[in-house]
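Coordinate inspection notes
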Amino acid sequence: MTFFRSKKYSSLADLVRACQAGDARAQTAFYERYKSRLLGLCLRYAKTKAEAEDIFQDGFIKVFKNINDLRNVEVIDAWVKSVVIRTAINYYHRTTKEQQLHSNLEDFQREIDSGDYGKIITQIDMNVLLNVINTLPDGYRMIINLHLIDGYTHAEIGEMLSISDSTSRSQFLRGRNLLMKKLQEKGITQYEIF
């Protein structure tokens, strides 16, 4: 892997140990290793690019603050992703949870058959899907991202957001229906194959 060409950091484990020792060069290399991937993750949870950058920065502050607690270097990728996702959730709690979690559902005229959902989602280009998800109200967007994109269970989502798993399921179903409606407004239906 070209990332580890430096003799100083011949492996990810060496890089993590150097970060744990407070080596500024290692921290810069570590930051750059995750920057594009995790900034993209933050964009899914934020309303704007500036918010995503704030979440990313806050997440990395937490990563470097707690990196000495990490004992198993093999789980570093999952650990860093988890820290950044939890930072996004905390940001969400601080700024928008009360405003949008229970947004008005009057514009839902019909429920979309749940069988359509799986067919459409599996056929959509991921960028199109993420762009449409980003237009959802904050509460729905958060739960759709956690469940659909990041693979968390409703019980895990409930714990992270301090809601019951049934509330997570309910918000997911409502968010899913709104997502399906928005996709259909864009002309994306179950019959299209991408």
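Quick caveat: nothing in here was measured; it's all calculated off a predicted structure.

Within the protein chain, the secondary structure is distributed over 10 helices and 0 strands. Along the protein chain, helices and strands appear, N-terminal first, in the series α-α-α-α-α-α-α-α-α-α. Counting the 194 residues in the protein chain, one finds 44% classified as buried. Put simply, of all contacts in the protein chain between residues at least 6 apart along the chain, 68% involve residues at least 24 apart. Within the structure as shown, the protein chain displays about 10,700 Å² of accessible surface, and the carbon and sulfur contribution to it stands at 49%.

One can find Asp-23 in the loop between helix H1 (12-20) and helix H2 (24-45). When residues no more than four places from it in sequence are discounted, the contact partners of Asp-23 are Lys-8, Tyr-9 and Ala-18.

A few words now on unusual backbone geometry. Unlike most non-glycine residues, Ser-162 shows phi in positive territory, near 60°. By the secondary structure assignment, Ser-162 is in the loop between helix H9 (154-161) and helix H10 (165-185). We classify Ser-162 as exposed; its relative accessible area is 60%.

If you look at the biggest cluster of nonpolar residues, it comprises 54 residues, and the most contacted ones within it are Phe-30, Phe-60, Leu-146 and Leu-161. For this core, the secondary-structure elements that each account for two or more residues are H1, H2, helix H3 (49-66), helix H4 (76-95), helix H7 (126-133), helix H8 (138-149), H9 and H10. In this structure, this core is formed jointly by two domains, domain 1 (12-101) and domain 2 (126-186), each of which donates at least three residues. Once residues lying within four places of it in the same chain are set aside, the contact partners of Phe-60 are Phe-30, Tyr-31, Tyr-34, Leu-38 and Val-80.

A few words on H9. Among all positions of H9, only His-154, Ile-157, Gly-158, Met-160 and Leu-161 are buried. The arc that holds every buried residue of H9, seen down its axis, measures 165°, which confines them to one face. A positive phi of about 60° marks Ser-162, the residue just after H9.

The next point concerns the packing of aromatic side chains. Scanning the model with the defined rule gives 8 aromatic pairs in all. Summarising the aromatic geometry, the rings of Phe-60 and Phe-64 are spaced 5.6 Å apart at their centres and angled 65° between planes, so their arrangement reads as edge-to-face. With a gap of 4 residues between them, Phe-60 and Phe-64 both fall in helix H3, about one helical turn apart. What makes Phe-60 buried here is its relative accessible area of 2%. Under the relative-accessibility criterion, Phe-64 is labelled partly exposed at 23%. Clustering of aromatic rings is evident, with ring pairs tying together Phe-30, Tyr-31, Tyr-34, Phe-56, Phe-60 and Phe-64.

Taken together, the buried positions of H1 are occupied by Leu-12, Leu-15, Val-16, Ala-18 and Cys-19. The buried residues of H1 occupy an angular sector of 160° when the element is viewed end-on, so they sit on one face. For H1, the secondary structure elements touched by its buried residues are H2, H3 and H4. Two residues or fewer after H1 comes Gly-22, characterised by a positive phi angle close to 85°.

Calculation criteria
- Residues numbered from 1 in each chain as written.
- Predicted model: local features only at pLDDT ≥ 70, side-chain atom pairs only at ≥ 80, totals over all residues.
- Heavy atoms only, no water.
- Helix = DSSP H or I, 4+ residues; strand = E, 2+ residues; numbered from the N terminus.
- Buried < 20%, exposed > 50% of the residue type's maximum accessible area, 1.4 Å probe, protein only.
- Contact = heavy atoms within 4.5 Å.
- Areas by Shrake-Rupley, 256 points an atom, 1.4 Å probe, with all protein chains shown as cover.
- Core = buried A, V, L, I, M, F, W, Y, C linked by side-chain atoms within 4.5 Å.
- Domains from an automatic or database assignment.
- Arc of directions from axis to C-beta.
- Phe/Tyr/Trp six-rings, centres within 6.5 Å; stacked < 30°, edge-to-face > 60°.

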